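Fold and geometry: a report
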Amino acid sequence: MFSSIIWLLLGLALVVFGADYLVEGASSVARRFGLSEFVIGLTIVGMGTSAPEMVVSFIGAIQGNADISVGNVVGSNIFNTLLILGITGILLPVAITPDNRKKDIPVNIVVTLLLIVLGFKHTLLGIGTDGLTRIDGAVLVALFGLYMWQSFARGKEEPEEQPQEEAKPIKLYWAILMIVGGLAGLIWGGNLFVDSATEIAHYLGVSDKFIAITILAGGTSLPELATCVAAAAKKKGQLALGNIIGSNLFNILLILGGSALIHPLSFEDISFVDMGVLLLSALVIWSSCFVGKKNTLDRLDGVFLVLIWLGYMAYLILNL
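No experiment lies behind these values; they were computed from the predicted model shown. (Residues numbered from 1 in each chain as written. Predicted model: local features only at pLDDT ≥ 70, side-chain atom pairs only at ≥ 80, totals over all residues. Heavy atoms only, no water.)

**Description of the packing of helix 5 (residues 98-119) against helix 11 (residues 237-262)**
Contact geometry of helix 5 with helix 11 gives a least axis separation of 10 Å together with a crossing angle of 30 degrees. Between helix 5 and helix 11, the interaxial angle falls into the category roughly parallel. Relative to helix 11, helix 5 is oriented so that their crossing is left-handed. Within the contact between the two elements, helix 5 uses N100, D104, I105, V107, N108, V111, T112 and L115 and helix 11 uses Q238, L241, I245, N248, L249, I252, L253 and L256. In the contact of helix 5 with helix 11, the residues fall into ten nonpolar, five polar and one charged. (Axes fitted to C-alpha atoms, helices over the stretch in contact; angles between N-to-C directions. Helix = DSSP H or I, 4+ residues; strand = E, 2+ residues; numbered from the N terminus. Parallel < 35°, antiparallel > 145°, perpendicular 65-115°, else oblique. Left-handed = near helix turned anticlockwise from the far one by under 90°. Contact = heavy atoms within 4.5 Å. Nonpolar A, V, L, I, M, F, W, Y, C, P; charged D, E, K, R; others polar.)

**Thoughts on the nonpolar core**
Within the largest apolar cluster, 64 residues are counted, with the highest numbers of intra-cluster contacts made by I78, L115, L132, L241, F267 and M275. Of all the secondary-structure elements, those providing two or more residues to this core are helix 2 (37-49), helix 4 (66-91), helix 5, helix 7 (134-157), helix 10 (222-233), helix 11, helix 12 (272-287) and helix 13 (299-318). Considering every element that reaches this core, the biggest residue donor is helix 11, with 13 residues. Apart from residues lying up to four places away in sequence, I78 is in contact with L83, D274, V277, L278, W309 and Y312. With 15 residues, the next largest nonpolar core counts L8, L186, F193 and I200 among its residues. (Core = buried A, V, L, I, M, F, W, Y, C linked by side-chain atoms within 4.5 Å. Buried < 20%, exposed > 50% of the residue type's maximum accessible area, 1.4 Å probe, protein only.)

**Describing the packing of aromatic side chains**
Within the structure shown, the criterion is met by five aromatic pairs. With 5.6 Å between their ring centres and 90 degrees between their planes, F120 and F267 make a pair best called edge-to-face. With F120 in the loop between helix 5 and helix 6 (121-125) and F267 in the loop between helix 11 and helix 12, the pair connects residues that are 147 residues apart, well separated along the chain. For the pair formed by F120 and F267, the shared burial category is buried. (Phe/Tyr/Trp six-rings, centres within 6.5 Å; stacked < 30°, edge-to-face > 60°.)

**What about the packing of helix 3 (residues 51-62) against helix 11?**
Contact geometry for helix 3 and helix 11: axes closest at 8 Å, N-to-C directions at 20 degrees. The pairing of helix 3 with helix 11 is recorded here as roughly parallel in orientation. Like other packed secondary-structure pairs, helix 3 and helix 11 cross with a definite hand, here right-handed. Each of E53, M54, S57, F58, A61 and I62 in helix 3 lies in contact with helix 11, whose residues at this interface are F250, N251, L254, I255, G258, S259 and I262.

**Notes on the confidence of the model for the chain**
Residues of the chain with pLDDT of at least 70 account for 89%, and the chain-wide mean is 82. Least confident of the elements in the chain is helix 9 (residues 208-220), whose mean pLDDT is 66; most confident is helix 5, at 92. Ignoring residues within four places in sequence, the model shows residues 159-165, a span with pLDDT below 50, making twelve contacts including any to other chains. (pLDDT = per-residue confidence, 0-100.)

Take a look at the structure:
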């Protein structure tokens, strides 16, 4: 048990530092192409900070452990929106642009609804079986490619959104080394993290779903938390919002889609409460466009998001 905890912490450290180097290197390369702040958050930073979830879920799928893959993504998206974006909103009210309101936030809601329909298609529609098949996975991955293409195209069309203050540029060769080193840390750390977390869960007699939706989800979402808190401190709310929406879309479309291509995923241990909280978290961002300080996720919204997360954690603990 003690050794498993040591390996868990070591794996988590490698995942977090690996993600940090990956984000730094990838962001440096992206800025060379003149992408806007929000699109950098949505694509490069969002994908980079979601790399831990990708490693954990892909390894879970390869090992045939669907609870790890599905629970990790559902838990991470809930953690991202309710706790991380909630904390960010408390620290710095986040402005929501017309493009966010008309495109990005609705896409996040639609993709979440699509996941619910595909995951519970037998329960809801009476067809197939509940879970994600390889065909479902292919659909999700194709949608991810389409959305990323559209996002990069839009980013190139909006150079005026580029931040005025930029850190000292990183040399290209060093940025590439950071990307490669970050990926290595993520892969190695992800293996250690999944194996040790599963051992601890089994030792304590709790389900894979619970460990995935709490410890794994929270641990692999630490890069998003660090990125958003840093963005709030630097008054870069668009980067933080882009990071969360990008991470959530990346998690559902590419990570779950890719995991389903590797091995069909069962939703047997995922409840409608879990998916309902996931959908609610996406709807709360959308409601910020119309309630209170319109087009702003303000401190009251942030407190509301954190309270929902605390309630959900209490529900999980009471239903162990």
